[in-house]
Every structure is written in structure tokens, then in C-alpha cells.
Amino acid sequence: MANFDIMDLRNIFEDQNVMICFNGPFSHSVIEQLGEAVKNHLHSSHAPKDRIADVFSVFVEQAQNLKNYTTRTGSDLSQESSGANGTLAIAREGENYIVSSGNLVGAEDVERIRAFIDPLLEADGKELKTMYKRRLREPVEEGDGAGLGFISMARKSVEPLRYSIKEQPDGALFFNISAVI
């Protein structure tokens, strides 16, 4: 910990135009408090109301995904490696906002994640709306709801969702997803 320098972290945030970032375990109360901070920050930046609503909606979706995934898998991932933690950030890129989140995932989840997201990357607005309505009508199996959230994020994003799954030096897999609003 002797090498930790908050000024270095602040400089990284400023270089990346990060407005808000949280790293740690997600709970209902954390999501609620961060949500208030997000709304206040967006209102103070005089963002259009529809943009605020979309950014907030994607923020909530990503935060819920982090909470639900780490709750479901927390016992399988090493607490020592912060496996049950997630990271969520909102940054500014020109007139757009980038809402990004990431967390460790199990190897068994990679194909399921890709199966949900890859079809969204090439879909246009009309196709995303059709996918959304179809997914709403499908029965939801216990522990499975991620597909609807990804579709919702894709519908609000002005660009295709960006995601990656990167193997870490210790062999763990880190999943990152970003939506540009």
C-alpha cells in the first residue's frame, strides 16, 4: 500500500474524463446512493432530461448485473482476489456518456455472455426492439435474466455495445461492458 497515490488515480480519472467510479461490492444501498450521485451530477452538468434518463437507466442495469452476478457467484470466486467485487464508471466522451462496468466471471459463463451480447452488436434499432419484445415473452429460468438487460442497454446506446473478456495473469477472466449514451 505504500505505493498508492490518490493523485495518480485522480489524474487517470481526469485523463479518461471519469465523472463517477465505484469499485467494490455492490448492494442495493450502494446502488441507491450511487444512483443519487449520478442523477445529481448529470443534472448539474445540464444534460438533457432524456439523456439523463438513459444514462441512469444503463447505470442501474449495469449495477444490478454486478450485484446479481457477484451474489450468485461470490462463493465461487476468491474473496482474496476481489472476485465478489465489481467496478462501474461513468465517463464523458464529447457529447456522449460512457457507462462501463466490469467484474470477474467464471469460464463457464463466457459462452452464455457471448450468446447474449454478440447478436446485439449487429442489430439495428428495429431488430433490437423485436428482440426485446421476444425476450419479454420468453419464460425466465431461475438465475437467468441477463439477456433483457443487455438488449435494453443496446437500445439506449448510440453505438454498438463494447465488451471484452480478458484473461488475467492469475488465469481469472474479467468481463467489461460499455454503452455509449
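On a predicted model such as this, the values are computed, not experimentally measured, just so you know.

Within the chain, Asn17 stands out as a residue other than glycine whose phi angle is a positive 60 degrees. On the accessibility criterion, Asn17 (42% relative accessible area) is partly exposed.

Looking now at the packing of aromatic side chains. For any pair of aromatic rings, the description consists of the separation of the ring centres together with the inter-plane angle of the planes. Inspection of the entire model under this criterion finds five aromatic pairs. Their ring planes at 80 degrees and their centres at 5.1 Å tell us that Phe22 and Phe26 sit as a pair that is edge-to-face. Owing to a relative accessible area of 22%, Phe22 belongs among the partly exposed residues under this scheme. On the accessibility criterion, Phe26 (7% relative accessible area) is buried. Look at Phe56 and Phe59: their rings are 6.1 Å apart centre to centre, the planes differ by 35 degrees, and that puts the pair in the tilted class. Of the two residues, Phe56 and Phe59 are both situated in helix α3 (residues 49-73); the distance of three residues between them amounts to about one turn of the helix.

Our next topic: the pattern of salt bridges. Under the criterion given, the structure shown has eight salt bridges. Across the pair Arg162 and Glu93 runs a salt bridge, and its minimum N-O distance is 3.8 Å. Taken as a pair, Arg162 in strand β4 (residues 162-167) and Glu93 in strand β2 (residues 86-93) lie far apart in primary sequence, 69 residues in all. Judged by relative accessible area, Arg162 falls into the partly exposed class, the value being 33%.

The residue sitting at the N-terminus of helix α1 (residues 6-15) and contributing the capping side-chain oxygen is Asp5; that oxygen lies 2.9 Å from the backbone nitrogen of Met7. Two residues or fewer past α1, Asn17 is found with a positive phi of approximately 60 degrees.

What follows deals with the sheet that holds strand β5 (residues 173-180). In spatial order, the strands read β1-β2-β3-β5-β4; together these five strands make up an open sheet with antiparallel pairing. Edge strands, defined here as strands with exactly one partner in the open sheet, are β1 (18-24) and β4. The sheet shows a mean angle of 15 degrees between the axes of neighbouring strands, direction not considered. With six bridges joining them, β1 and β2 adopt antiparallel strand pairing. The partner of Ile20 across the bridge, within β2, is Ile90. The strands touched by helix α2 (residues 28-44) are β1, β2 and β3 (96-105); relative to β1, the strand with the most contacts, the crossing angle is about 175 degrees. In this fold helix α4 (residues 110-121) packs onto β3, β4 and β5, with an angle of close to 155 degrees to the strand it touches most, β4.

Reading the values: rules and limits
Residues numbered from 1 in each chain as written. Predicted model: local features only at pLDDT ≥ 70, side-chain atom pairs only at ≥ 80, totals over all residues. Heavy atoms only, no water. Buried < 20%, exposed > 50% of the residue type's maximum accessible area, 1.4 Å probe, protein only. Phe/Tyr/Trp six-rings, centres within 6.5 Å; stacked < 30°, edge-to-face > 60°. Helix = DSSP H or I, 4+ residues; strand = E, 2+ residues; numbered from the N terminus. Salt bridge = Lys/Arg side-chain N within 4 Å of Asp/Glu carboxyl O. Polar contact = N/O pair within 3.5 Å; in protein donor to acceptor, adjacent residues only side chain to side chain. Pairing = 2+ DSSP bridges. Axes fitted to C-alpha atoms, helices over the stretch in contact; angles between N-to-C directions. Contact = heavy atoms within 4.5 Å.

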